[in-house]
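Coordinate inspection notes
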Amino acid sequence: VQLQASGGGLVQAGDSLRLSCAASGRTLSWYAMVWFRKAPNTDRDFVAAVSWDGADTNYADSVKGRFTISKDSAKNTVYLQMNNLKPEDTAVYYCAGQMVPFTRASGALRDYDYWGQGTQVTVSS
């Protein structure tokens, strides 16, 4: 299984970006997916998760109302729409998936088994 994250870039505060996480070698239809982020000198922090069927989502308090996670099973891709970006959103963003099917939108890093390579998001003030 491989996850390819893309869509990062350098933007100004208040701008929007959409990150994509394309999977190959495995369908995402049956599995919960997540976005984490890591800023310099910090741990990897939970951002958003989506359940296996897309019906349930979970967000970190810091991004609620600004970020939206979604799955497109036909494209085998997970998205993170990020609006009203702030400088504190600057980080490398990683997508990850679970090996166990039919699970909910967990925000726990330990629940995720395979990871993409990350995409850099930089928000200037």
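On a predicted model such as this, the values are computed, not experimentally measured, just so you know.

A separate point is the environment of Val 11. Secondary-structure assignment places Val 11 in strand 2 (residues 9–12). According to the relative accessible area criterion, Val 11 is buried, its value standing at 10%. Between the C-alpha atom of Val 11 and that of Thr 90, which follows or precedes it by 79 residues, the distance is 9.8 Å.

The 4 strands lie next to each other as 1-3-8-7, forming an open sheet whose pairing is antiparallel. Looking along the sheet, the strands with just one partner apiece sit at the ends: strand 1 (2–6) and strand 7 (67–72). On average, each strand axis in the sheet is tilted by 15 degrees relative to the strand beside it, whichever way the strands run. Relative to strand 8 (residues 77–82), strand 3 (residues 17–24) runs antiparallel, the two sharing 6 bridges. Of the residues in strand 8, the one forming a bridge with Leu 19 is Leu 80.

Disulfide: a covalent bond formed between the sulfur atoms of two cysteine residues. Considering all chains together, one arrives at 1 disulfide under this definition. In this model Cys 21 forms its disulfide with Cys 95; the gap between the sulfur atoms is 2.1 Å. In this structure, the disulfide formed by Cys 21 and Cys 95 twists by about 70 degrees around the S-S bond and is classed as right-handed. Pair noted here: Cys 21 is in strand 3 and Cys 95 is in strand 9 (residues 91–97), with a separation of 74 residues, a long-range link. Under the relative-accessibility criterion, Cys 21 is labelled buried at 0%.

Okay, the pairing of strand 3 next. When a strand is regular, its side chains alternate between the sheet's two faces. Of the strand pairs in this sheet, strand 1 and strand 3 are connected by 5 bridges, and their pairing is antiparallel. When the bridges of strand 3 are listed, Leu 3 appears paired with Ala 23.

This part covers the environment of Ser 125. Following the sequence through the fold, Ser 125 ends up in the segment after strand 11 (119–124). When the C-alpha positions of Ser 125 and Glu 88 are compared, they lie 9.6 Å apart, and in sequence the two are 37 residues distant. Those residues in contact with Ser 125, other than ones at most four positions away along the chain, are Ala 13 and Pro 87.

Now for the pattern of salt bridges. The final tally for this structure, using the stated rule, is 4 salt bridges. Where Arg 104 meets Asp 56, a salt bridge forms, and the shortest distance between an N and an O atom there is 3.8 Å. Residue Arg 104 is located in the loop between strand 9 and strand 10 (114–115), and its partner Asp 56 is located in the loop between strand 5 (45–50) and strand 6 (57–59); the two are separated by 48 residues in the primary sequence. Assessed through its relative accessible area of 24%, Asp 56 is described here as partly exposed. Asp 89 is the salt-bridge partner of Arg 66, the closest N and O atoms lying 2.7 Å from each other. Here Arg 66 is found in the loop between strand 6 and strand 7, whereas its partner Asp 89 is found in the loop between strand 8 and strand 9, with 23 residues between them in sequence.

What counts as what
Residues numbered from 1 in each chain as written. Predicted model: local features only at pLDDT ≥ 70, side-chain atom pairs only at ≥ 80, totals over all residues. Heavy atoms only, no water. Helix = DSSP H or I, 4+ residues; strand = E, 2+ residues; numbered from the N terminus. Buried < 20%, exposed > 50% of the residue type's maximum accessible area, 1.4 Å probe, protein only. Pairing = 2+ DSSP bridges. Axes fitted to C-alpha atoms, helices over the stretch in contact; angles between N-to-C directions. Disulfide = S-S within 2.5 Å. Contact = heavy atoms within 4.5 Å. Salt bridge = Lys/Arg side-chain N within 4 Å of Asp/Glu carboxyl O.

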